Amino acid sequence: MSEREYFALVAKRLGMYVRGSTLAGVEGFLDGYDEHAKRHGGPGLPGWREWLAARLGWGDNLVWHWLVRHIALPAGWDERELSPEDESRVIGVLFELLDEFLAERERLEAQPR
């Protein structure tokens, strides 16, 4: 199973992977996935934050969690607490962006050197 297929499965059945299907849970899940991959020789998500900042056109000083929020909610949000609708939107956009990032990485890796 490719990383794209795996994350599509996670997005489809989020409650199986993230208790409560919360944004904070998804972010923790992805951070944990990346750290585990680094430790055990998997590809992880190197370049994810930089890719998001480039897509946004700014934000090189932000963590990837905030970059996704800025992309998903360009009009802004209450930084103390997202509404349920905003949280759902951010989660959906996060998985769309992750798929685009991984697809681009696959294309780059498939190119002859």
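Rules used throughout
Residues numbered from 1 in each chain as written. Predicted model: local features only at pLDDT ≥ 70, side-chain atom pairs only at ≥ 80, totals over all residues. Heavy atoms only, no water. Helix = DSSP H or I, 4+ residues; strand = E, 2+ residues; numbered from the N terminus. Rg over C-alpha atoms; globule rule 2.2 N^0.38 Å. Buried < 20%, exposed > 50% of the residue type's maximum accessible area, 1.4 Å probe, protein only. Contact = heavy atoms within 4.5 Å. Lys, Arg positive; Asp, Glu negative; His and termini not counted. Charge placed at Lys NZ, Arg CZ, Asp CG, Glu CD. Phe/Tyr/Trp six-rings, centres within 6.5 Å; stacked < 30°, edge-to-face > 60°. Core = buried A, V, L, I, M, F, W, Y, C linked by side-chain atoms within 4.5 Å. Salt bridge = Lys/Arg side-chain N within 4 Å of Asp/Glu carboxyl O.

Draft legend 1. How the structure looks around the overall build of the chain. Assigned secondary structure in the chain consists of six helices and zero strands. The linear arrangement of helices and strands in the chain, starting from the amino end, is α-α-α-α-α-α. Rg of the C-alpha trace for the chain: 14 Å, near the compact-globule value of 13 Å for 113 residues, within the 12% margin. Burial status across the chain gives 35% buried among its 113 residues. By sequence separation, contacts in the chain at least 24 residues apart represent 51% of the contacts at least 6 residues apart. Separation between the mean location of the 14 positive side-chain charges and that of the 20 negative ones in the chain comes to 4 Å.

Draft legend 2. How the structure looks around the packing of aromatic side chains. Scanning all chains against the criterion turns up ten aromatic pairs. Aromatic pair tyrosine 17 and phenylalanine 29: ring centres 6.1 Å apart, planes at 70°, arrangement edge-to-face. A residue pair is termed long-range when its members are at least 10 positions apart, and tyrosine 17 in helix α2 (residues 14–17) and phenylalanine 29 in helix α3 (residues 23–39) qualify at twelve residues. What links up through ring pairs into an aromatic cluster is the set Tyr6, Phe7, Tyr17, Phe29 and Tyr33.

Draft legend 3. Spotlight on the nonpolar core. Among the nonpolar cores identified, the biggest contains 30 residues, and Val26, Leu30, Trp48, Leu52, Val68, Leu97 and Leu98 are the most heavily contacted of them. Taken together, the elements giving at least two residues each to this core come down to α1 (3–12), α3, α4 (48–56), α5 (64–72) and α6 (84–110). Counting residues per element, this core draws most heavily on α6, at nine residues.

Draft legend 4. A look at the pattern of salt bridges. One pass over the structure, following the stated rule, counts nine salt bridges. For arginine 4, the salt bridge is made with aspartate 99, and the minimal N-O distance between the two is 2.8 Å. Separated by 95 residues along the polypeptide, arginine 4 in helix α1 and aspartate 99 in helix α6 bring together distant segments of the chain. The class for aspartate 99 is partly exposed, based on a relative accessible area of 30%. Put simply, glutamate 35 and lysine 38 hold a salt bridge, and the shortest N to O gap is 3.2 Å. With glutamate 35 and lysine 38 both in helix α3 and three residues apart, this pair spans about one turn of that helix.

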